[in-house]
Every structure is written in structure tokens, then in C-alpha cells.
Amino acid sequence: MITFILNGSETSTESEGSLLDFLRSRHLTAAKNACGEGACGACSVLIEGKAIASCMVSLEKVQGKKVTTAEGIEEAEMALYVESFAKAGAVQCGYCTPGMVIAAKALLDANPSPDEAAVRAGIKRNICRCTGYAKIVAGILLAAAARRGEPAQPIPEAASGGIGRRMTRIDAALKASGKAVYVDDIAEPEGMLYGAALRTSHPRARLLRVDISAALALPGVVTVATAKDIPGQRIIGKLKADWPTLIEVGEETRYVGDTIALVAAQSRAIAKKAISLIKADYEILEPLRNPKAALAPGAPLLHPEGNLLSSLRLKRGNADAALMEAPHVISLSFNTPFTDHAFMECESALAWPPDAQGVLLVYTGGQNVFDDRKYIAHTLGLEEEKVRVVSSFVGGGFGGKEDQAVQHHAALLAYLSGHPVKCSLGRAESSRVHVKRHAMEIDMTLACDANGKIMGMKGKVVADTGAYASLGGPVLHRAVTHLGGPYSYENIDVEGLAVYTNNPPAGAFRGFGVPQVNFAIESAMNAMAEKIGISPWEIRYRNAVRPGSVISNGQIAGPDTALEECLLAVKPVLDASGGRAGIACGFKNTGIGVGHPDIGRCILRFHADHAEVLSGAACIGQGLATILTQLACGTLGLHPERVSVAMPDTASTPNSGTTTASRQTLVTGEACRKACLDALAALGDAAGPSGSTPDSNYFPYASLAGRDFYAEYLAATDPFDSDKPNPVRHVAYSYACQLALLNDSGRLERIVAAHDSGLVVNPLSFEGQVEGGVAMGIGYALTENFPLADCVPTAKFGTLGLLRATDMPVIETIIVRKAGSGDAVDGGISGAAYGAKGIGEISTIPTASAIGGAYFLRDGRLRKRLPLEDTPYSKKES
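Summarised in this report is the structure supplied together with it. (Residues numbered from 1 in each chain as written. Predicted model: local features only at pLDDT ≥ 70, side-chain atom pairs only at ≥ 80, totals over all residues. Heavy atoms only, no water.)

## What about the overall build of the protein chain?
Put simply, the rule reads: Helix and strand definitions follow DSSP, with helices as H or I runs of at least four residues and strands as E runs of at least two, each counted in order from the N terminus. Throughout, radius of gyration means the C-alpha value; the globule benchmark is 2.2 Å times the number of residues raised to the power 0.38. When accessible area is computed with a 1.4 Å probe and restricted to protein chains, residues below 20% of their type maximum are described as buried, those above 50% as exposed, and intermediate ones as partly exposed. In what follows, a contact means two residues having at least one pair of non-hydrogen atoms within 4.5 Å.
When helices and strands are counted, the protein chain shows 22 helices and 31 strands. For the protein chain, whose C-alpha radius of gyration is 27 Å, the value lies close to the compact-globule estimate of 29 Å for 878 residues. Its C-alpha atoms put the protein chain at 80 × 70 × 60 Å along the principal axes. Per-residue burial for the protein chain yields a buried fraction of 63% across its 878 residues. Taking the intrachain contacts of the protein chain between residues at least 6 apart in sequence as the baseline, contacts between residues at least 24 apart amount to 79%.

## A word on unusual backbone geometry
Cis geometry marks the peptide bond from L866 to P867, where omega comes out at -10°. Structurally, the position occupied by P867 is in the loop between helix 21 (847–859) and helix 22 (872–877). With a phi angle near 60°, A661 is a residue other than glycine that sits in the positive phi range. As for its placement among the helices and strands, A661 is situated in the loop between strand 25 (643–645) and helix 19 (664–683). Under the relative-accessibility criterion, A661 is labelled buried at 8%. Here the phi dihedral of C791 falls at roughly 75°; this positive angle occurs in a residue that is not glycine. Position of C791 among the secondary structure elements: in the loop between strand 29 (788–789) and strand 30 (792–793).

## As for the pattern of salt bridges
Short version of the rule: Salt bridges are defined by distance alone: a side-chain nitrogen of Lys or Arg within 4 Å of a carboxyl oxygen of Asp or Glu.
By the definition in use, this model includes 57 salt bridges. Across the salt bridge formed by E767 and K135, the nearest N and O atoms sit 3.1 Å from each other. Of this pair, E767 sits in helix 20 (residues 763–782) while K135 sits in helix 5 (residues 134–147), and the two are 632 residues apart along the sequence. Salt-bridge contacts for D340 lead to K436; the nearest nitrogen and oxygen are separated by 2.4 Å. On the criterion of sequence distance, the pair formed by D340 in the loop between strand 14 (328–336) and strand 15 (348–352) and K436 in the loop between helix 13 (427–433) and strand 19 (439–448) is long-range, its members being 96 residues apart.

## Structural notes on the pairing of strand 11 (residues 259–265)
What counts, and what does not: In this scheme, strands are said to pair when DSSP sees at least two bridges between them.
In terms of residue burial, strand 11 counts as a mostly covered element, since seven of its seven residues are buried. Bridging between strand 6 (residues 193–199) and strand 11 involves six bridges; their strand directions are antiparallel. Opposite G195, over in strand 11, you have A264 as the bridge partner. With four bridges connecting them, strand 8 (residues 221–225) and strand 11 associate as antiparallel partners. By the bridge assignment, V221 is partnered in strand 11 with A265.

## Notes on helix 21
As a reminder, the rule being used: A helix is expected to span 1.5 Å for every residue after the first.
The first and last C-alpha atoms of helix 21 sit 19 Å apart over 13 residues, in line with the 18 Å expected at 1.5 Å per residue. Along helix 21, ten of the 13 residues are buried, which leaves the element largely enclosed by surrounding structure. When we look at burial in helix 21, the residues that qualify are T847, A848, S849, A850, I851, G852, G853, A854, Y855 and F856. In the stretch just after helix 21, G860 is the one whose phi turns positive, near 75°.

## Details of the environment of Y855
Structurally, Y855 is set in helix 21. It is 9.9 Å that separates the C-alpha atoms of Y855 and E869, two residues lying 14 residues apart in sequence.

## Concerning the sheet that holds strand 31 (residues 810–816)
The cut-off we apply is this: Axes here mean lines fitted to C-alpha atoms, for a helix over just the part in contact, with angles spanning 0 to 180 degrees between N-to-C directions.
Read across the open sheet, the four strands follow the order 22-27-28-31; overall the sheet is mixed. The sheet terminates laterally at strand 22 (582–590) and strand 31, the two strands that pair on one side only. Strand after strand, the sheet turns through a mean of 20° between neighbouring axes, direction not considered. Relative to strand 28 (residues 748–756), strand 27 (residues 732–742) runs antiparallel, the two being bridged by eight bridges. Within the sheet, the bridge partner assigned to L741 lies in strand 28 and is R750. Contacting strand 22 and strand 27, helix 14 (residues 472–482) crosses the sheet at an angle of about 130° to strand 22.

## Considerations on the packing of helix 18 (residues 624–636) against helix 19
Here is the rule we go by: Comment on the angle field: the value is read as roughly parallel under 35 degrees, roughly antiparallel over 145, roughly perpendicular from 65 to 115, and oblique elsewhere. Note: crossing handedness is left-handed where the near helix turns anticlockwise from the far helix by less than a right angle, and right-handed where it turns clockwise. Each residue is assigned to one of three groups, with Ala, Val, Leu, Ile, Met, Phe, Trp, Tyr, Cys and Pro labelled nonpolar, Asp, Glu, Lys and Arg labelled charged, and all others, Gly among them, labelled polar.
Orientation of helix 18 relative to helix 19, taken along the N-to-C sense of each, is 30°, at an axis distance of 9 Å. As the angle between them shows, helix 18 and helix 19 are arranged roughly parallel. By crossing handedness, the relation of helix 18 to helix 19 is classed as right-handed. The segment helix 18 lies against helix 19, with L624, I627, L628, L631, A632, T635 and L636 engaging Q664, T665, T668, G669, C672, R673, C676, L677, A679 and L680. Grouping the constituent residues of the contact of helix 18 with helix 19 by class yields eleven nonpolar, five polar and one charged.

## Section: the side chain of H408
Looking at where H408 falls in the secondary structure, it is placed in helix 12 (residues 407–417). Using a relative accessible area of 6% as the deciding quantity, one classes H408 as buried. Setting aside chain neighbours within four positions, we find H408 in contact with I236, T245, I376 and T379.

As C-alpha cells, then:
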């Protein structure tokens, strides 16, 4: 018997295992199961006042000790952390936040007046993948001041909400306190089983036999499923059906995440034991390790149609002639690696068998509940209306939760067993299963005239798309159409290939193929500037796309284009540095584009005392629910307390598409605005914005109670193969210019990020997205990788190269908007969502390129591979 003090009460148990497992079995879920190796801090608790990763502590180690979880922090003290974290903008996906609060309490109990360096050191063991740490540090400093009794500093304009205001996140309190419920936090329903998967350890092998008899005989095992048990379609996929839910006998495995069999059992331990009892025999085959091997003559076919998933060609003008005529030509080759999203919450799903009406319910934490519904229905052979998918809070995504990982498995096991089934991946399994950022090889030749004006460019992009298609085709498209950079010229010829290999599948990841090609074009611009004898800033300024000019991909730049203003915004910092700062520009489409249906949908529902916004668009940490609240408040003239936002639910919220392509603020935001305008018209415009601060006690829409106002917005574009001279490939683009400054020892000291994303609905969230995106870009530049040995992942979470709070430089955000582009009242130039554009992806895109430019200026070496070689960071790793 082990006895200890848990949150002030004596607790005894005969359980074995980790402290984390025990806490979560007692429904103390603020401590999150994120990495399982003590590397991330999300499971932190206080043991005798010290912040400890509970996943690494056995129950025996807490005998007689005092253990405090986030739930055990006194209410008044927790309120200080909640308010401070919310005020600072320290909460995004929220999965790491309770662990950060624990670390903050441990620090402040020992040091009530820490400086910034002490705070960063105090949270060094805690990883956040969303924020870039700056706002967490600010939140802890605010909490320290509050604990000392110093007067609280108000947030300007925050109380009234509305458009353009620094409103705190509407879910910050739930997330910071640990009360937000993610899928794996849901209390086990009666009779719930635990699902587990047997996955192949061979990236390429023919499955010869599966023997499940021993697993079925194990007491506590209810169901064991193989490919023959799937009642519907066995093979699914985001855009292309090529990904088997289960590998069938006689079929080849294509990567080490492929599933051979599924088990549903009465406990996790029994399920794990049952998996070990399943016997699978293979004919092991030589894997295809890279695109070159996959495209070689005689290479085995990984898919019936071949090893080439997609090929694209963007050709305008006569690039060959331009290269022949140009006085300055350079040819370069670049290489970028696979990287892992490393979202803090691993994949989890909880499914119930069909109810009396034949409807199967699934709780998920992905990027589109309607996609989940489609895949699950197809797998089970059901009509989509017979599947209901509800989103819990989502602990980060960054593109890595667009595909099926556990949703269809949980649903299949629930359907077959007749019991609720929860499938939750551990970190090691998650890393093997979910998609990665595409590794790419990029060849390009750039030509300029004597003044540095681009005359033409030729390029080739080869993307390793891994075992399955996922979103490899669209990622390749963005790479091809963005390789030319945010510059204006007519002669371009870019070929792109996405190639199947036996590596883990590659798919959507923040930037969607553009960070890779941005590194190539921006590095080439630096080399060209040196060749011509002008500054890196000057060559970009001379070529920058401006309103009315033609982007390299053929689209005419809109009147809201503010790349020139971004360049001018960073110039004072560049000049002060003596020109020794690395610089890079970037652009990124908003919306799916290229002729694909891209529709935002929203229902505005009125109750007696508030308005409710309903949309199926997922909030994965970017703050969409808060943005929709602000758009509704600003349009209707309401206080935030009079607006609520529903969680995505296929039974009640309209399909607003996947949270991807930096689209939701514009596309769903515009649908929300249109619904609000319809409500105003129904009320006779009597309750619109008055210019005064909205009153939280006043609700002028009571007469509309019981009414719904539905609206949708189509972001219309031209298809990729349009024969128009200047097709509209995307409804909007965001632009950026970033500087990277090194200190005397060659370490990163400061990033200055000037961003044009149109109207900024919430500057606090905007800064958080920039800081988090830049942090991810720094990791991409200097430390992150996803190494493979013969197509098998070799990294742990703690060795992925993720940055910690003590690694981060100062990040300065400059918000840029085209002069005269309107305001929140008249809707700006574009009108859609008052002129807002995306910020989530563009924030990451130029960072690695700017850092590469900084090292080029420092030592004259143009680095053409990521992560950058021969830096203080790479020396540290070696």
C-alpha cells in the first residue's frame, strides 16, 4: 500500500505504474500525457514543492510525500495565473498550459520576484509548440506581480471585445486551469474498452499470415479486428484513396505506421498484452528510401498506378531565353528534411456504437469533424448521417491532424464490439503514424539584369511524399507556385514531382510546402545580390510585388498587397545593424484556391440573452473561436459576454471546411459577418455598432430569440490549368519580411517580423501567432529534424530539436497594412471578413531563410541544407 498526500488529502493505493497514470485514473486530467519520456513538462505536478514530470515518477517514489496537481492549487491563486496568462496571450492550444502553471508556481514559491531570465530558466523543462514562449514568460511575470499584491494592469480596449481589439481568448480560463476537456480527458463511459493497434515494424514487407487466436483467448479481450472485418471501404484518403485502414494478407506494408490488427480490451494493459500475442508473418522486402530510388527504372511499384503521386508544371513566358540573355545567372541546389509537427496532444478518439437510431458517435480532436465523419462512414459502410462527430478541445495540429490516425479505428472497434472504445496514441506511436513535413530537393537557376531585376527563373522541386498521398499533391502545388517568391517577373518554368517512398507519409504542415521553397529562393536572392554588388534588402525592394503587378505565379497582386511596406518597416532595424542582419521575404496564399470549392459557413442563433455562433470550423490553438466572437461583437455591437461559440459538431454546426491553408479567419469569418448583417437587417439596423462601449448587461436582440441566420461565403478562384493570362489562383495572399540578427558569438539574438495580413482582428492573438510561427521557423532553421534509418524513425520527442524557452531570441512583431485599405467599418479593399487575411502559416515561412541569410553575411558561406550546418547550434548537437 502506498500512501501520500494528494491535493491536501491523504490518498492510499495498491496500484502500480506511473504517478501520471494514477492521477488520470482519478480524473485529475490537468496533467497531460504528452511525451511519456519526461521531456515536455505537460504532465508536471508539484512533489514537495518541486515541479516534476509525473510520467517518469513511479508511485513508490511518492510514498509519504505531498503531491499537488493544477486542480489542487488554491482557487484564489489559480485565478491569478488564469488572469495573468489570459491577459498576456499565453494560451493557444492550451495542452501545455497547466504544466506551465505548475512550473510557474514552483518558481514563484521559491523566487517571488524573478526576472525574465529566471522565468525562462524556470520553464526550461516545459515545451510549448504554439506560443514561442514570450507570452508565457510575460504571463508568469504578471502572475508574480499579482502574487506580490501589485496593482493589475488592464488590457486596453479588451473588455468590450470587437474588431481590432486585444481581446483575451475566450477559452483561456478553461485551458490555463486544466479544466478544458481534450478527448483523452473524457471520463470513461460505462463499459468502455481500450483500443490498441498492431503495427508493422517493416517499412516494406508482404503480409503472409496473421494469427489472432492467442489474443482472442486472453481474458479481458473483447474484439480483435483484421482487414477482413471492415464492413465498408478498407482504403481511404484525404484526397486520394490509397491508405489502408488495415493491411490485408497478401498486401505489402508501405511504412512502419501501417496497421495489421486492432484490439479492444477492458484495460490498456490487457490491450497491450493482446497486441504482443498476435502473430504476423512477413516476406521482408527492400524499401524505397528516397525519390531517386523510387523513380529509378525497374523500381518496384508501391502503388498500382506507380511511384509518382503528382507532377506539376508552372510555365509563363520564356525562362530559357531569359536565362540565355541575362548578364547574371546563378544555379543552386537545396535540400530540406522531414520534420515532425510535435503537437503536444497525441491523437485520441472515443467512439460509441450505434444508438437506437443507428447513429454512431465519435469524439475527436482533429482539424475537421466533417472529414472525420466521411472517413468513418466510408470505413463502416454507413451513410454519413449515421455518424456524428463532435470535437473536443484540440491540443495543436499544424496540419498533422487532417488525416485519420485513430478516429476510424475507434469507430470500427466500437461498431464491432458494441461497446464504447477509446483509442489514444502514445508519443512514440504517434510519431511513427502521423504525417511529416515533406523533405524536398530543389534545383533552381535565377537570372537578373545588371540592376538586380529578375529576368527569369527555372526550377525543379522533388518532394518525398512518403508512403501515402495525404495532401502531397496540394503541397507540391504550393511549392511550385511559391518557388518564385513574392516577386514580380514574367519568365518562369518550374517542374514539381511528388514521389511515393517507404518513408512515413508527408502531408500538411504549417506553410504547406512553402517554407522549403522559400529557403531556396531567398538564399538565391542573397547569392545574386552579392554577385551583382547590391544589398540583400535592395534586391528584394527592387523586385517586390506591388499592387497591380504580376506575381511570379501569374496572379495580379491585389490592392491590399503590402510587401513594400514590410520591407520599409524593417529597414530602420537593418540600417542600425550596419546591414548585418539576415533578411527574407515571403508570401502565402489564404484559402484552398486553384478552383477548388472553398466555402465558409456559419449559423448565428439568437437566444433570449445572447447570440451563439455555430460553425464546424476547428479551433486548434489559433484562436478561431475568439476571432468569431470579435467579428460578431464588432458587427452586432455586442459585449463579448453576450456572444458564445459552439464546439464543432456534425449534428448541429455547418461544415466550414478544414482548418488549413490559413483560411478560417477570412472564409468562415466572412460567413459570420454576413450572418450578422442579415440579423441586423432583420432587426432594422436598430442595434448595430454605436461607437460606444457595448454594455454587458444589455442585449438588444431579444426579439430575435429562437431565430437562426445562416450564411456562407465562397472563396472563388480559377483552376490551376486555367487558360487566363492572369488567373486568380487564391482569393488573398499574406506577405512578410523578417530580419535575423546574430550576436557576437553567432547565436540568434533577435528576429524582427513585419507582416501584412490585412486587417488584424486581434493584435494580441496576431502577435502570438507570429511568435509561435517564428519559433517553429527557428527550429526548422537550426535544430529540428526527423531522422530515419532505412525508412524507420529514430528520434524521440526529446531529440527532435524542439526549442525551449531558454533557446528563444527576442521576437519583435510589426503589424503592416496597406495605407488606405479601409478599416473595420467599411470592410477595407477586399470586403471579406473586413479585409482580414491569414497569419498562421506566413509567420513561419521566411524565418529559416532570414537566419540562413544572417550566417551568409557572417561568414560568406551560403548554406543550402536545413537544418543549417556549421552554426553554434549544430556544433552543440555534435
